[in-house]
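Close look at the chain arrangement
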Amino acid sequence: MGAWHTRGLRGSVLEECINFTNDYYRQKGIAVIQKIPTPITPVEMNKENSTITLAYFDKQSTVDYIGAVQGIPICFDAKEAAQKRLPLQNIHEHQIKFMEDFSRQGGVSFLLVNFTGEGEFFLLPLEVLKFYWDKAAGGGRKSIPYDAFEDIYRIELKNGAFLNYLDAVNVYLERLDGGKD
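The following refers to the structure shown. Please read all numbers here as calculations on a predicted model, not as lab measurements.

**Section: the packing of helix H2 (residues 93–104) against helix H3 (residues 126–137)**
In a packed pair of helices, the relevant descriptors are the angle between the two axes and the axis-to-axis distance. With their axes 11 Å apart at the nearest point, H2 and H3 run at an angle of 140 degrees to one another. By the criterion of interaxial angle, the relationship of H2 to H3 is oblique. When the axes of H2 and H3 are compared, the crossing they make is left-handed. Two secondary-structure elements touch here, H2 through Glu93, Ile96, Met99, Glu100 and Ser103 and H3 through Leu126, Leu129, Lys130 and Trp133. Residue composition of the contact of H2 with H3, grouped by class: five nonpolar, one polar and three charged.

If you want it as structure tokens, here you go:
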């Protein structure tokens, strides 16, 4: 497995917003969604502030979050992109496979993406992710362009920390149900 040197917790702002939102959802009885920790083995510690400075991943993780919304199982990964594209190198094959397996079992799988330069958040359905993943595997572009993120899946950040992504999940579910006629 790979090694990890801390570089300031990439994606921590997005994850903090998601965690805050998930706490709210749980308190209101809307959903129970948990952050899945990445299993690591610490190698070096900074004794002054008790932080890990070098660690090895024990095994490959799956996705960042998993849970249930009103009886519907969901799983998703949180990604940040500094430019107007999401590099596919930030997504791992084992994550795609997990999300596909999860979806085959009746769950809903997606990415939550923060375009940090734009200050915009989107839900990216697994089907769209898979389309670009397969194209890249066949020699196509190695990123998902900004314009592939549909406006109907835009997520607003409210009150500085509340990221109501379940509205976008609901739109996605409505689209999925509409396609089953």
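Next comes the rest of the description.
**What about the pattern of salt bridges?**
With the rule as written, the count across this model stands at nine salt bridges. For Asp77, the salt bridge identified is with Lys79, shortest N-O distance 2.8 Å. Residue classification places Asp77 among the buried positions, given a relative accessible area of 2%. Each of Glu15, Lys35 and Asp64 takes part in a single network of salt bridges with overlapping partners.

**Side note on unusual backbone geometry**
One non-glycine residue, Gln70, adopts positive backbone phi at about 50 degrees. One can find Gln70 in the loop between strand E5 (65–69) and strand E6 (72–81). The class of Gln70 is exposed, set by a relative accessible area of 61%.

Here is what the cut-offs are and how they apply
- Residues numbered from 1 in each chain as written.
- Predicted model: local features only at pLDDT ≥ 70, side-chain atom pairs only at ≥ 80, totals over all residues.
- Heavy atoms only, no water.
- Axes fitted to C-alpha atoms, helices over the stretch in contact; angles between N-to-C directions.
- Helix = DSSP H or I, 4+ residues; strand = E, 2+ residues; numbered from the N terminus.
- Parallel < 35°, antiparallel > 145°, perpendicular 65-115°, else oblique.
- Left-handed = near helix turned anticlockwise from the far one by under 90°.
- Contact = heavy atoms within 4.5 Å.
- Nonpolar A, V, L, I, M, F, W, Y, C, P; charged D, E, K, R; others polar.
- Salt bridge = Lys/Arg side-chain N within 4 Å of Asp/Glu carboxyl O.
- Buried < 20%, exposed > 50% of the residue type's maximum accessible area, 1.4 Å probe, protein only.

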